[in-house]
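Each chain is listed here by its residues.
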Amino acid sequence: MTSDGTRRNDTGETATDGAPTPSPRGLPAPPPPGASALPPGTFDGTVVLVTGGGSGLGLAIAAEFARLGADLVIASRSAPRLAAARAELAALGGRVATAVCDIRDPDRVTAAFEAAEAAYGLPGVLVNNAAANFPVPAEEMSPNAWRAVLDATLTGTFFMTREFARRHLAADAPGSVINIGASYAWTGGPGFAHSAAAKAGVRSLVETLAVEWGPYGIQVNGLVPGLMPHEDMTRDIRAALTGTDTSAAASPLATRQPALRVGAPRELGWAATFLASPYARFITGHTLVVDGANWQRRSLVNPPVVPLREQLGRDTHPPAR
């Protein structure tokens, strides 16, 4: 309220007292499943290899490539998940092959590429989606826990990307790599020290390898998802985000986002297909954040600090060794 009885609306303009002011609505909902901004057949004749493609966001990314004509190879450590995902993706009309692969093992990485080439030819697009993560206070993190997340998230991503590049350099063929990152690569991630460190390394690989391999026609970009609940999200990750194991459409999740909604997994898939498409050839070394500006949110006054151990329900510190 100003001194003359008027008040400011949400845009800073003056409104007469009693007049309605705009209410927050958030960002509009995305187009329905099956929509695409790219022309049909954009990836006809292109082989796309997606790690962690048997579930969750990896499956959502693979589905958008399939809708645009790609021949898919999805890789995962879980054969049952791959079988279910293959049936789901094949229903979209494309060809789908699977490869059981532990990306932490260079020999198995090589075998996965051999299987992909035997099925459809040299992959032209690689999506490094596979990773490992779970919340834990840093002081409780075991050496094995640290190694498991670093190996799956950072080392495995490097092994896959290196194999992709070696084959493309030998064939003198262009290609596109997309590494799935996380916003705490920039901000740090209390409760996820192992994953935040690994994702910072993944972001650095994007920027480093884009320069090294750009002269040979290989793009390397990053893609960071925001909060995009899906059925394969683990219970502990969901609990760490929301304080409870809620459904994807639950309002407590939406009201924590500047967009006033959560993301849909297909929105990440659309971003991935654009970055790997002919329409993004001059984009490389870039990490695109798809999170409705949530990672940039700040408050005028910071909320009270709740120690991480309290957030995770840990009552006592572990004994010193």
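The structure displayed is predicted, hence computed values, not measured ones. (Residues numbered from 1 in each chain as written. Predicted model: local features only at pLDDT ≥ 70, side-chain atom pairs only at ≥ 80, totals over all residues. Heavy atoms only, no water.)

Successive residues of a regular strand alternate their side chains across the two faces of the sheet. Judged by how many residues are buried, strand S8 (residues 218-225) sits mostly within the fold: eight of eight residues are covered. Burial along S8 is two-sided: the residues Ile218, Val220, Gly222 and Val224 and Gln219, Asn221, Leu223 and Pro225 are all buried. Where S8 meets strand S9 (residues 287-290), four bridges bridge the pair, whose relative direction is parallel. What sits directly across from Gly222, in S9, is Thr287. (Buried < 20%, exposed > 50% of the residue type's maximum accessible area, 1.4 Å probe, protein only. Helix = DSSP H or I, 4+ residues; strand = E, 2+ residues; numbered from the N terminus. Pairing = 2+ DSSP bridges.)

Moving on, we get to the sheet that holds strand S5 (residues 96-100). Taken together, seven strands build an open sheet; the order of strands is S5-S4-S3-S6-S7-S8-S9 and the sheet is parallel. Either end of the sheet is taken by a strand with one partner, and the two such strands are S5 and S9. Strand after strand, the sheet turns through a mean of 20° between neighbouring axes, direction not considered. Two strands pair when backbone bridges link them, and strand S3 (residues 47-51) and strand S6 (residues 125-128) are joined in this way by three bridges, in the parallel orientation. (Axes fitted to C-alpha atoms, helices over the stretch in contact; angles between N-to-C directions.)

With 12 residues, helix H2 (residues 79-90) should reach 16 Å at 1.5 Å per residue; the first-to-last C-alpha distance of 16 Å fits that figure. Among the residues of H2, Leu82, Ala85 and Leu89 are the ones counted as buried. With its buried residues spanning 70° around the axis, H2 presents them on a single face. Exposed and facing more than 90 degrees away from the buried side of H2 are Pro80, Ala84 and Ala87. As for H2, its buried residues are in contact with helix H1 (56-67), strand S4 (71-76) and S5. Its side-chain oxygen at 3.3 Å from the backbone nitrogen of Arg81, Ser78 defines the N-terminal cap of H2. (Expected span 1.5 Å × (residues − 1). Arc of directions from axis to C-beta. Contact = heavy atoms within 4.5 Å. Polar contact = N/O pair within 3.5 Å; in protein donor to acceptor, adjacent residues only side chain to side chain.)

What follows concerns the side chain of Glu64. Topologically, Glu64 is positioned in helix H1. Of the residues examined, Glu64 reaches a relative accessible area of 3% and is grouped as buried. A distance of 2.7 Å separates a polar atom in the side chain of Glu64 from a polar atom in the side chain of Arg67. Aside from chain neighbours lying at most four places away, what touches Glu64 is Ala35, Arg266, Gly269, Trp270 and Thr273.

Once that is clear, we can look at unusual backbone geometry. Unusually for a residue other than glycine, Asp172 sits at a positive phi of about 55°. Examined against the element boundaries, Asp172 turns out to sit in the loop between helix H4 (143-171) and strand S7 (175-180). Non-glycine residue Leu260 carries a positive phi angle of around 60°. If you trace the backbone, Leu260 turns up in the loop between helix H8 (251-254) and helix H9 (265-275). Using a relative accessible area of 35% as the deciding quantity, one classes Leu260 as partly exposed.

Residues Phe43, Phe65, Leu72, Leu89 and Leu223 are the most contacted members of the largest nonpolar core, which totals 31 residues. A per-element tally of this core places H1 first, with seven residues. Discounting residues that sit within four places of it in the chain, Leu89 has contacts with Leu59, Ala62, Ala63, Leu72, Ile74, Gly94 and Val96. Judged by nonpolar contacts, the second largest core, of 26 residues, contains Val47, Val109, Phe113 and Trp213. (Core = buried A, V, L, I, M, F, W, Y, C linked by side-chain atoms within 4.5 Å.)

Within the structure shown, the criterion is met by four aromatic pairs. Ring geometry for Phe43 versus Phe65: centroids 4.9 Å apart, planes at 70°, classification edge-to-face. Separated by 22 residues along the polypeptide, Phe43 in the loop between strand S2 (14-15) and S3 and Phe65 in helix H1 bring together distant segments of the chain. A relative accessible area of 2% places Phe43 in the buried class. Between Phe158 and Phe159 the ring centres are 6.4 Å apart and the planes differ by 50°, which places this aromatic pair in the tilted class. The exposure class of Phe158 is partly exposed, given its relative accessible area of 31%. (Phe/Tyr/Trp six-rings, centres within 6.5 Å; stacked < 30°, edge-to-face > 60°.)

This part covers helix H3 (residues 106-119). Helix length check: H3 (14 residues) gives 20 Å between terminal C-alpha atoms against 20 Å at 1.5 Å per residue, within 8%. By the burial criterion, the buried members of H3 are Val109, Ala112, Phe113 and Ala116. Viewed end-on, H3 has its buried residues packed into an arc of 95°, placing them on one side of the element. Away from its buried face, by an angle of more than 90 degrees, H3 presents the exposed residues Asp107 and Ala118. In the core, the buried residues of H3 are packed alongside S3, S4, S5 and H4. Directly beyond the C-terminal end of H3, a positive phi value near 115° is found at Gly121.

Remember, this is a structural readout, not a statement about activity or role.
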